[in-house]
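Coordinate analysis (summary)
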Amino acid sequence: MNEALLSVRDLTISYGSREVVHGVSFDVHPGEVVAVVGESGSGKSTTAHAVVGLLSGSGTVDAGSVLFEGDELVGLGERGWRSVRGARIGLVPQDPTLSLNPVQRIGEQVAEVLRIHGLATGAAARSRAVELLTAAGLPDAAVRARQYPTELSGGMRQRVLIAIGLAAGPRLLVADEPTSALDVTVQRQVLDHLESLTRDAGTAVLFITHDLAVAADRASRVVVMSQGEVVEVGTAHQVLTEPQHAYTQSLLAAAPSLHSARILAVPRERTAPPAPRSPEPLVQVQSLVKEFPLPGRGNVQTAVSDVSFDIGRGETVGLVGESGSGKTTTARLVLGLERPTSGQVRFDGVETAGLEGSAWRDLRRRVQLVYQNPYASLDPRIAVGETISEPLRAFGVGDRASRRRRALTLLDQVRLPSDVLGRRPAELSGGQRQRVAIARALALEPEFVVCDEPVSALDVSVQAQVLELLVQLQADHGLSYLFISHDLSVVRQISDKVGVMRRGELVEFAPARDVFTHPQHEYTVELLEAIPGRRALEDVT
């Protein structure tokens, strides 16, 4: 192959006295897409930041070389970086909420790159910015250019970052988890645009991701990192079909997207839920409607429109859809955290909307919630033991000693060691925090648990562990779940039945096997086709 555009050799990086990247080496050739894959803490983003000279805080390159078009980038001063960063190497950061200036219009942020590198000024820069936003797939780009980031959706903001990254026509684009916060259909659209733009311009891409399925779909070669080291390098085909390292094998085994892509033809069956104690469903949702008032006289937004479904005892119902589809609002209505505009929710035969006093308190004890973000749902000032015991204390269950024993039992049930009891959330990993959140939800021995995107903030291997834990806890305690997710591949791992929501409507509701093998609605088909990993598996077969 032709000479490498980017050559990283024996790169070693430290933060303070702690070495976090240990002798990493890989190449990126002109026009090639190379994906660097690994879990949080693997060193993949740190390596990418070193390539563009953006190590944060006390981060330093201690040894090694980063050659770009024959020029050494390690040790380059800020003046030198100004001629490289943006112009020759572009960057698409992970989080558009943090990366875009909230008080500057979109068009100005794109035009700024052109002005800094002397490519255009004034009206010409503004006109070119609209062209770049259009090329990045932003609809009504001329209108959007005059808007602020807060007025755009997550997918639109990510397209703005792509336009900024490619504005100066760089030879290499570093894309650091560019779609990790997006729904699968929006993710596919954004990656399709990125792929088309870079291919047409001959731009090479260094693609950083924790999702092996996305990497396999989009990259010609894959670099797998674990604990600061490169453990495997190969073509996407090789890594998917013949992984050599145990860590790569564990990533493949844990990737729900790849599982779902594989089982479209031959789906696996979940263990049947236990026989119900009563033929009546535990939860009955009937003709549910929720409207929110909008500014202006009489204007309303319908978030949920005529939604009906049942959840049996010991059963898991997965509710899937994009952001804004109404799935979380439906969950809040089921929990009684929102009152429906019309329709009803019945729990164990009793309508929940009219409950008050002790009846409402009894419902709160039998119904619990596991939140989406384990980083935000736990009080950082309170030790784990107190967090788990809090529901028991609130309901006057037991004394201090018995609550501590119960907390230890719950930690054991969620497979955490007893010494976690005295730690604070900041001392735990994301997966450990989510286990603590699950333990807290189980403290009062509920019958029904709503899981609202409980694994979306976790790496794929940790996702697999948490999903396995939820299934085991269900088998042990006869729990019923309403499992909310934007990702069909995750829902498929745990659900007996799946409901697909779009724009407030339940467009499909059926056993999980039927949804995956015989989808009835065109939107369900679109969601299934957007699951990452399908393209790679089709190439393999």
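No experiment lies behind these values; they were computed from the predicted model shown.

Each helix and strand counted, the protein chain has 22 helices and 20 strands in total. A compact globule built from 541 residues should have a C-alpha radius of gyration of about 24 Å, and the protein chain, at 25 Å, falls within 12% of that. Its C-alpha atoms give the protein chain principal-axis dimensions of about 70 × 55 × 50 Å. Put simply, of all contacts in the protein chain between residues at least 6 apart along the chain, 70% involve residues at least 24 apart.

So, on to the packing of aromatic side chains. Remark: the centre distance and the inter-plane angle together describe each pair of aromatic rings, the angle taken between the planes. All chains considered together, the criterion is met by 2 aromatic pairs. Relative to F448, the ring of F347 lies with its centre 6.3 Å away and its plane at 40°, an arrangement referred to as tilted. In this pair, F347 sits in strand 14 (residues 342–347) while F448 sits in strand 17 (residues 448–452), placing the two residues 101 residues apart along the sequence. Across the pair, F448 and F347 agree in class, each one buried. The ring of F395 has R361 sitting right over it, with the charged end atom 4.2 Å from the ring centre. The ring of F516 has R492 lying over it, and the distance from NZ or CZ to the ring centre is 5.3 Å.

The phi torsion of most residues other than glycine is negative, and most of the peptide bonds are trans. Positive phi is not limited to glycine here, since E69 has a value of about 50°. The topology assignment puts E69 in the loop between strand 4 (59–68) and strand 5 (71–72). E69 gets classed as partly exposed once you look at its relative accessible area, which sits at 33%. Backbone geometry places D348, a non-glycine residue, at a positive phi of 55°. Tracing the backbone through its elements, the reader meets D348 in the loop between strand 14 and strand 15 (350–351). Overall, D348 belongs to the partly exposed group, its relative accessible area being 28%.

This paragraph deals with the sheet that holds strand 8 (residues 204–209). Strand order in the open sheet formed by 6 strands is 6-7-8-3-9-10, and the pairing between neighbours is mixed. Each having just a single partner strand, strand 6 (89–92) and strand 10 (229–235) make up the two edges of the open sheet. Strand-to-strand twist across the sheet, computed as the mean angle between neighbouring axes with direction ignored, equals 15°. Alignment of strand 7 (residues 172–176) against strand 8, held across 5 bridges, turns out to be parallel. Bridging across to strand 8, D176 finds its partner in I208.

Taken as a whole, this structure holds 23 salt bridges when the rule is applied. When the shortest N-O distance is used, the salt bridge between R221 and E32 registers 2.7 Å. With R221 in strand 9 (residues 221–226) and E32 in the loop between strand 2 (18–28) and strand 3 (33–37), this residue pair connects regions lying 189 residues apart in the sequence. For the pair R221 and E32, one class covers both residues: buried. Residue E445 pairs with R406 through a salt bridge whose shortest N-O separation is 4.0 Å. Taken together, the residues span a long stretch of sequence, with E445 in the loop between helix 17 (430–442) and strand 17 and R406 in helix 16 (residues 400–413) at a distance of 39 residues. Put simply, R313, D348, D362, R366 and E447 are held in one network by salt bridges that share partners.

In helix packing, the relevant descriptors are the interaxial angle and the interaxial distance, both defined with respect to the helix axes. Running from N to C, helix 15 (residues 384–394) and helix 16 point in directions that differ by 115°, and their axes come no closer than 9 Å. Like other packed secondary-structure pairs, helix 15 and helix 16 cross with a definite hand, here right-handed. Residues V384, G385, I388, S389, L392 and R393 of helix 15 pack against R403, R406, A407, L410 and L411 of helix 16. When its residues are assigned to classes, the contact of helix 15 with helix 16 shows 6 nonpolar, 2 polar and 3 charged.

The next point concerns helix 1 (residues 44–51). A large share of helix 1 lies buried, amounting to 6 of its 8 residues. Taken together, the buried positions of helix 1 are K44, T46, T47, A48, A50 and V51. In the stretch just after helix 1, G53 is the one whose phi turns positive, near 65°.

Another point: the nonpolar core. Of all hydrophobic cores here, the largest spans 52 residues; its most connected members are V110, L133, V160 and V222. Per element, the largest residue contribution to this core is 7 residues, and it comes from helix 7 (residues 154–166). Apart from the residues lying within four places of it in its own chain, the contact partners of V222 are A35, V37, L212, A215, E232, V233, G234, A236 and V239. V384, C451, L469 and V490 belong to the second largest nonpolar core, which has 51 residues in total.

So, on to the confidence of the model for the protein chain. Put simply, the protein chain has an average pLDDT of 87, and 93% of its residues get 70 or more. Predicted confidence is poor over residues 260–268, with pLDDT under 50, and the contacts of this stretch with residues over four places away or in other chains come to 22 contacts.

Attention now goes to the sheet that holds strand 16 (residues 367–370). Sheet architecture is open: 6 strands sit in the order 16-17-18-13-19-20, paired in mixed fashion. Strand pairing shows two members of the sheet lacking a second neighbour, strand 16 and strand 20 (505–511), which therefore form its edges. Sheet twist, expressed as the mean angle between neighbouring strand axes with direction ignored, is 15°. Pairing geometry for strand 19 (residues 497–502) and strand 20, over 6 bridges, is antiparallel.

Rules used throughout
- Residues numbered from 1 in each chain as written.
- Predicted model: local features only at pLDDT ≥ 70, side-chain atom pairs only at ≥ 80, totals over all residues.
- Heavy atoms only, no water.
- Helix = DSSP H or I, 4+ residues; strand = E, 2+ residues; numbered from the N terminus.
- Rg over C-alpha atoms; globule rule 2.2 N^0.38 Å.
- Contact = heavy atoms within 4.5 Å.
- Phe/Tyr/Trp six-rings, centres within 6.5 Å; stacked < 30°, edge-to-face > 60°.
- Buried < 20%, exposed > 50% of the residue type's maximum accessible area, 1.4 Å probe, protein only.
- Lys NZ or Arg CZ within 6 Å of the ring centre and 35° of its normal.
- Pairing = 2+ DSSP bridges.
- Axes fitted to C-alpha atoms, helices over the stretch in contact; angles between N-to-C directions.
- Salt bridge = Lys/Arg side-chain N within 4 Å of Asp/Glu carboxyl O.
- Left-handed = near helix turned anticlockwise from the far one by under 90°.
- Nonpolar A, V, L, I, M, F, W, Y, C, P; charged D, E, K, R; others polar.
- Core = buried A, V, L, I, M, F, W, Y, C linked by side-chain atoms within 4.5 Å.
- pLDDT = per-residue confidence, 0-100.

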